[in-house]
Amino acid sequence: MSDLEKQFNDIVSDYTERLWWHVRRMVNSHEDADDLLQEIFLKIWAALPSFRGESQLFTWVWRIATNETLNFLRRESRRPGLTALGAEAERRIDSDPWFDGTSAERELAKAVARLPDRQRQVFTLRYWDDLPFDSIAAITGLSTGALKASYHLARKKVEKYLLR
């Protein structure tokens, strides 16, 4: 086994579960998360030879996963005949046989699904992945000030949705 194959196998072993949950929270679909995770690992494999270690491996992997997930969500939102993305996300959450959370968790997932892409991304990375803003900045390429503002707005929107 080459060093590259060993490094890739280590990434798969170390990050599969956390990445799956990260993607799952953003797409609200078990099957889509499975498919996206495969695409993400293909991207990582293809890009691994060019990884120079200028950022932490975790940050690099999370950036690839986040970008692939956001690209998927953008493609989905452009599909003809698709209802409003928030309504579609709510339908997916309600009909997902794999969702095993409480009703409060289900409502939180629905609230987050209604957020604009950037706010959903920041909320997911901060709230569920529990990442500090400097790590989120490295993943997204945005300033910590912009991230804090996006997170604040996202949190207010989620609170408003949950209090309705």
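Our subject is the structure listed above.
Every residue gets a number counted from 1 within its own chain, in the order that chain's sequence is written. A pLDDT threshold of at least 70 governs which residues receive local features in this predicted model, and a stricter bar of 80 or more applies before side-chain atom pairs are shown or counted, although totals over entire chains, interfaces and linings include all residues. Side-chain descriptors were evaluated using all non-hydrogen atoms of the structure, hydrogens and water having been removed beforehand.

Engineer: Go over the overall build of the protein chain, please, and point to the residues and values.
Structural biologist: Helix and strand counts for the protein chain stand at eight helices and zero strands. Walking the protein chain from its N terminus toward its C terminus, one meets helices and strands in the order α-α-α-α-α-α-α-α. Within the protein chain, the fraction of its 164 residues that count as buried is 45%. In the protein chain, the proportion of contacts linking residues at least 24 apart, taken out of those at least 6 apart, comes to 65%. Calculation of accessible area relied on Shrake-Rupley with a 1.4 Å probe; when residues are assessed, cover is drawn exclusively from the protein chains displayed. Counting only carbon and sulfur atoms, one obtains 51% of the accessible surface of the protein chain, whose full area is about 9100 Å². Strands are runs of DSSP state E lasting at least 2 residues, helices are runs of H or I lasting at least 4, and numbering of each runs from the N terminus. The buried label goes to any residue with under 20% of its type's maximum accessible area, the exposed label to any with over 50%, and the partly exposed label to all in between, with areas taken from a 1.4 Å probe on protein chains only. It only takes one pair of heavy atoms within 4.5 Å for two residues to be counted as in contact.

Engineer: Explain helix H2 (residues 30-47) to me, using residue names and the numbers behind them.
Structural biologist: Multiplying one less than the number of residues by 1.5 Å gives the expected span of a helix. An ideal rise of 1.5 Å per residue puts 26 Å on 18 residues; H2 measures up with 26 Å between its terminal C-alpha atoms. Within H2, burial applies to His30, Asp32, Ala33, Leu36, Leu37, Ile40, Phe41 and Ile44. For H2, the angular spread of buried residues about the axis comes to 165°, placing them on one side. Opposite the buried face of H2, at more than 90 degrees from it, the exposed residues are Gln38, Leu42 and Ala46. The directions from the helix axis to the C-beta atoms are what the arc is built from.

Engineer: Account for the pattern of salt bridges, with residues named and values stated.
Structural biologist: Here a salt bridge means any side-chain nitrogen of Lys or Arg lying within 4 Å of a carboxyl oxygen belonging to Asp or Glu. Inspection of every chain in the model, using the stated rule, returns eight salt bridges. As a salt-bridge pair, arginine 120 and aspartate 117 come within 2.6 Å of each other at their nearest N and O atoms. Here aspartate 117 and arginine 120 lie together in helix H6 (residues 117-128), a separation of three residues that amounts to about one turn. Several salt bridges share partner residues, and in doing so they unite Arg74, Asp117 and Arg120 into one network.

Engineer: Please give an account of the packing of aromatic side chains that cites residues and values.
Structural biologist: Each Phe, Tyr or Trp ring (for Trp, its six-membered ring) is paired with any other whose centre lies within 6.5 Å, and the angle between the two planes then decides the class: stacked below 30 degrees, edge-to-face above 60, tilted in between. Summed over the entire model, instances satisfying the criterion amount to 12 aromatic pairs. Relative to tyrosine 127, the ring of phenylalanine 123 lies with its centre 5.0 Å away and its plane at 20°, an arrangement referred to as stacked. With phenylalanine 123 and tyrosine 127 both in helix H6, this residue pair falls four residues apart, about one helical turn. Judged by its relative accessible area of 2%, phenylalanine 123 falls in the buried class. With a centroid separation of 5.7 Å and an interplanar angle of 20°, the aromatic rings of phenylalanine 123 and tyrosine 151 are classed as stacked. Of the two residues, phenylalanine 123 sits in helix H6 while tyrosine 151 sits in helix H8 (residues 144-163), which places them 28 residues apart along the sequence. Taken together, the ring pairs connect Phe123, Tyr127, Trp128, Phe133 and Tyr151 into an aromatic cluster.

Purely spatial values, then, with no claim about function.
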